[in-house]
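Coordinate analysis (summary)
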Amino acid sequence: MTPDDANCGSGNKTSNDCCSDEKKSTMVDAIEVISSSDKIDLEKGITSIEHIILSISGMTCTGCETKLKRTLGTLSCISNLKTSLVLARAEMDIKEGSATADDVIKHLQRTTEFKCERVSNQGSFLDLVCSSDPNVIVKGNWPSNVLDITSLDKNIVRVAFDAKVVGARDLLDTEWAASLHLAPPRPDPTLDAGSKHVRQMGLLTLLSAILTIPVLVMAWAPLPNRQLAYGSASLALATIVQTVIAGPFYPKALKALIFSKVIEMDLLVVLSTSAAYIFSVVSFGYTVAGHSLSTGEFFETSTLLVTLIMVGRWVASLARQKAAESISIRALQAQTAILVGDDKAEREIDARLLQYGDVFKVAPDSHIPTDGAVISGVSEVDESMLTGESKPVEKRTGSTVIAGSINGMGMLAVRLTRLPGNNTITTIACMVDEAKLSKPKIQDIADKVASYFVPVVVTLTIITFVVWVAIGVAVRHHSGSEATINAITYAITVLIVSCPCAIGLAVPMVIVIASGIAASRGVIFKSAESIEIAYKTTDVVFDKTGTLTEGKLAVVQEDYFGGEPELTKSMLLGLVVGIKHPVSAAVARHLQLIGTKTITVRGAKAVAGKGVEGEFKDQVLRAGNSRWLHTSSLSAVQSVLSKGLTAFCFTVDKKLVAVLGLQDTLRTDSLTTITQLQQHGLNIHILSGDDDGAVKNVANQLDISDKTVRSRCSPGDKAEYIKDLLASRPSPKGKPREPVVMFVGDGTNDAVALAQATIGVHVSTGTDIAQSAADVVLVRPDLACVLTLIAVSRKAMHRVAFNFGWSFVYNLFAVLLGAGAFVNARIPPEYAGLGELVSVLPVIAAAVLLRWSRI
């Protein structure tokens, strides 16, 4: 329902938990969105559902993610599972009583070798250092305002508490917390787990290189002929590399095969490196026995193979980590705040210790620690890092400020309205993470291809081995052993040079970067599917008031009938004073400015799509649109409508006692945005609950055809109009295609229309960005962001297409070169480990370069 659905209506909005499942169901009368924290079971009655987030360390390729999903999928207590290789993260719902988060973590570590840590990204909690045994705190008696305590480290516990009952500083001042003090800030758990994994991979890669270099020197350098000595030293070093560096691949590959029924990339590593190592050991044994093989031993092959594989995985992990860090929203959170006490004394505190009721000072050129309202001071604030708006926004008493934005040259005193753990930064970050975790439909294709990849490669390896044995014996007339040795080198190369990681990363890397870029420009995609289809939009349907127009209505005409106009004004003000709808708010503001006194109206309530009604001295008061009040045909109302104004009628016991005419102004960017959308061949529509004259006036200013403009629409009418568009087959450029309808509204009463459209876009007006049933949220009321979201979608899907193309071309030529299909060119087995580096880096680079593309 949109603000235009009534000349006066409810200001309530449908709210989604930013970490809950976003799949919407459309209903004409209402929309109910159930978050993951809700407790439901439609068949078995009431069941408690716990939503948990796990940071996963140790995932290196798409096979790892498949293994993770299959392993967790075997647990019947888990539902709504979402995973991400790029974010190294998993989210799920667990039925309480059937299992706990600790049970899931233990199961994962036992069956996959992954390291898991539970993440909490909502609610109020403090990480505290214990001077004694933390288990005493965890298992001891908690204060009534403490909700949960978990142990994070040897001496650190996480204390969750009800911030509305007790503040963070007040909690630490209690006798119970005497042995506790604030722990150092922990980085973003997801990024922290990724950093640890990169460091671990880097150390292992360095160790592998240190052990491999002597082997290469002994194999390739012009040294004195001491074959047995060099062979013995190479055997020792190669054994260390194979057991210490490549050793972890063995349990991972075997557990994936046994527990998850997945043949993954680690199995190719195990087969190829083991074959090279075992063959070298056998060859060395022949040398010791005095019967050297024609090829000799090639320990340099197995060691260099392992080292290059590690280099490839380390570089790929580092690139993924840097990509995730580059678009991290939570990094904008300030670490400290200047607290102003009741005695006006100022002191710097950790921002985590802020609590409700606090007043903090924002110095010039400093970050604002959390959301709040200015109580004194004047300044300009740079909000571009959150809204994408480069122009500083003036702030004065009564203005709202957003966490993470940067103060200008003035000094501001701000009263806290939202805690650092639940402010605009965390809300946006949560929705962006939701988009990163969701999977577009095209990902299903990539996952299916990747699932068949390893079995196909193993089959090609066997074929390659058999063919080269046959060629060696039948064509080149080699002995059986010589032909077998040569065939093994080709088989090893095919095993390791092929890489499914590029296919698996083709979509998620782009989604992660694109969603972060869009967020930095004020566009929040709440699902990956929106990024996938936005560029295919055929029709854009706009709400009018508050979307195409400023929503700052002004009363330009007013007529009162009867002998007591002052009483009429007082009754009208009493009826509309608490209503947030733009029309009601404008009328209330106008009456207050002219000095009208407010009287109490009983039972004043909004009637969606119609207006407001209440009672005064047994009289029924109603104010709203002329259709609802059946006053459209009256001359006083027609006079207002004929001027293109919004008519707001007021009746007492069904008798018209006042008519007010209101006028709105177009947003400054409405015309340019609509013009550019039309130039791209999109059909533009306006749906409004406002009167004909006001809607047609806006349409004429924007050069929109009357054929695609509808006025006096109820919420159901709007949903039906969008439904009809979706059923049609528009062809804006002469080529019929599946309709993709985007609805853009300010979210006040737009829930039904937002849900009905293919893509619902909520134009936010401040910190209410999560209060929407939309697929996309515009952080600021700027229609140019509609162009941005379409451009981001188009660029992102072009990069996905490139990534798929590159993955196909690389694997095709890599396998052919590895298998010796070209007479004069082949990939030596010792260099096959470079395959992951060569295949993955272009995919990551294509995604990262989105940050510098013109959008």
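Just so you know, these numbers come straight off a predicted model, no measurement behind them.

What counts and how
Residues numbered from 1 in each chain as written. Predicted model: local features only at pLDDT ≥ 70, side-chain atom pairs only at ≥ 80, totals over all residues. Heavy atoms only, no water. Helix = DSSP H or I, 4+ residues; strand = E, 2+ residues; numbered from the N terminus. Contact = heavy atoms within 4.5 Å. Areas by Shrake-Rupley, 256 points an atom, 1.4 Å probe, with all protein chains shown as cover. Pairing = 2+ DSSP bridges. Axes fitted to C-alpha atoms, helices over the stretch in contact; angles between N-to-C directions. Patch = residues over 30% accessible without salt bridge, like charges linked within 9 Å, V, L, I, M, F, W, Y side chains within 5 Å. Salt bridge = Lys/Arg side-chain N within 4 Å of Asp/Glu carboxyl O. 1 Å grid on protein atoms, 1.4 Å probe; cavity = no way out; pocket = protein on both sides within 12 Å on 5 of 7 lines; lining within 4 Å. Points joined across faces, edges and corners; volume = space filled by probe spheres on them. Nonpolar A, V, L, I, M, F, W, Y, C, P; charged D, E, K, R; others polar. Expected span 1.5 Å × (residues − 1). Buried < 20%, exposed > 50% of the residue type's maximum accessible area, 1.4 Å probe, protein only. UniProt positions renumbered as here; feature names shortened; annotations may be inferred. Polar contact = N/O pair within 3.5 Å; in protein donor to acceptor, adjacent residues only side chain to side chain. Parallel < 35°, antiparallel > 145°, perpendicular 65-115°, else oblique. Phe/Tyr/Trp six-rings, centres within 6.5 Å; stacked < 30°, edge-to-face > 60°. Lys NZ or Arg CZ within 6 Å of the ring centre and 35° of its normal.

Quick notes on the overall build of the protein chain
- A tally of helices and strands in the protein chain yields 27 helices and 30 strands.
- Taking contacts inside the protein chain between residues at least 6 apart in sequence as the whole, the part at least 24 apart equals 71%.
- As displayed, the protein chain has an accessible area near 35,900 Å², and 57% of this comes from carbon and sulfur atoms.

Looking at the sheet that holds strand β22 (residues 611-616)
- Spatial ordering of the open sheet is given by β20-β25-β24-β23-β22-β21, a layout of six strands whose pairing is antiparallel. Edge strands, defined here as strands with exactly one partner in the open sheet, are β20 (554-560) and β21 (602-607). Recorded for the sheet is a direction-independent mean angle of 15° between the axes of neighbouring strands.
- Both strand β23 (residues 619-624) and strand β24 (residues 646-652) contribute to a ladder of four bridges, which runs antiparallel.

Some thoughts on a nonpolar patch on the surface
- Judged by side-chain polarity, F808, V809, L812, F813, L816 and F822 come together as a nonpolar surface patch covering roughly 530 Å² of accessible area.
- Along the polypeptide, F808 turns up in helix α26 (residues 784-819).

Topic: empty space enclosed by the protein
- Within this structure, the stated rule accounts for six cavities of 30 Å³ or more.
- In this model, the largest cavity occupies a volume close to 160 Å³.
- Residue assignment for the lining of the largest cavity shows that the elements contributing at least two residues are β1 (49-57), α5 (189-220) and α9 (299-326).
- Among the elements that make up the lining of the largest cavity, the one with the highest residue count is α5 (six residues).
- Tallied by class, the residues present in the lining of the largest cavity amount to 10 nonpolar, seven polar and one charged.

Let's talk about helix α18 (residues 565-576)
- The first and last C-alpha atoms of α18 sit 17 Å apart over 12 residues, in line with the 16 Å expected at 1.5 Å per residue.
- Along α18, nine of the 12 residues are buried, which leaves the element largely enclosed by surrounding structure.
- Of the residues making up α18, those classed as buried are T568, K569, S570, M571, L572, L573, G574, L575 and V576.

Regarding the pairing of strand β29 (residues 759-763)
- With respect to burial, β29 is a largely interior element, five of its five residues being buried.
- Here β29 shows a buried face lined by I759, V761 and V763 and a second buried face lined by G760 and H762.
- With four bridges joining them, strand β28 (residues 741-745) and β29 adopt parallel strand pairing. Bridge pairing in β29 places V744 opposite V761.
- Relative to strand β30 (residues 776-778), β29 is paired through three bridges, and the arrangement is parallel. Paired with V763 across the bridge in β30 is L778.

Some details on the UniProt feature "transmembrane region" (unreviewed entry) in the protein chain
- Annotation from UniProt places "transmembrane region" (unreviewed entry) at residues 203-223, 229-250, 262-286, 298-316, 449-475, 487-517, 804-825 and 831-850.
- Between the end C-alpha atoms of residues 203-223 the distance is 30 Å, and the span holds 86% helix and 0% strand.
- Taken end to end, residues 449-475 comprises 100% helix and 0% strand; its first and last C-alpha atoms sit 36 Å apart.

Let's talk about the environment of S642
- With respect to the secondary-structure elements, S642 resides in the loop between α21 (635-641) and β24.
- Within the local environment of S642, its side chain forms a polar contact with the backbone oxygen of S639, the two atoms lying 2.9 Å apart.

Describing the packing of helix α12 (residues 441-475) against α26
- Two elements in contact, α12 and α26, have axes separated by 11 Å at closest approach and are oriented at 10°. With respect to each other, α12 and α26 are oriented roughly parallel. Counted together, I442, A446, F453, L460, T464 and W468 of α12 and M797, V800, F804, N811, V815 and A819 of α26 form the full contact between these two elements.

A closer look at the packing of aromatic side chains
- Per the stated rule, a full pass over the model turns up four aromatic pairs.
- Their ring planes at 35° and their centres at 6.2 Å tell us that W806 and Y810 sit as a pair that is tilted. Of the two residues, W806 and Y810 both sit in helix α26, four residues apart, roughly one turn of that helix.
- Overall, Y810 belongs to the buried group, its relative accessible area being 9%.
- Its end group placed over the ring of Y490, R826 keeps NZ or CZ at 3.8 Å from the ring centre.
- When the ring centre of W852 is taken as origin, the NZ or CZ atom of R851, which lies over that ring, is 5.3 Å away.

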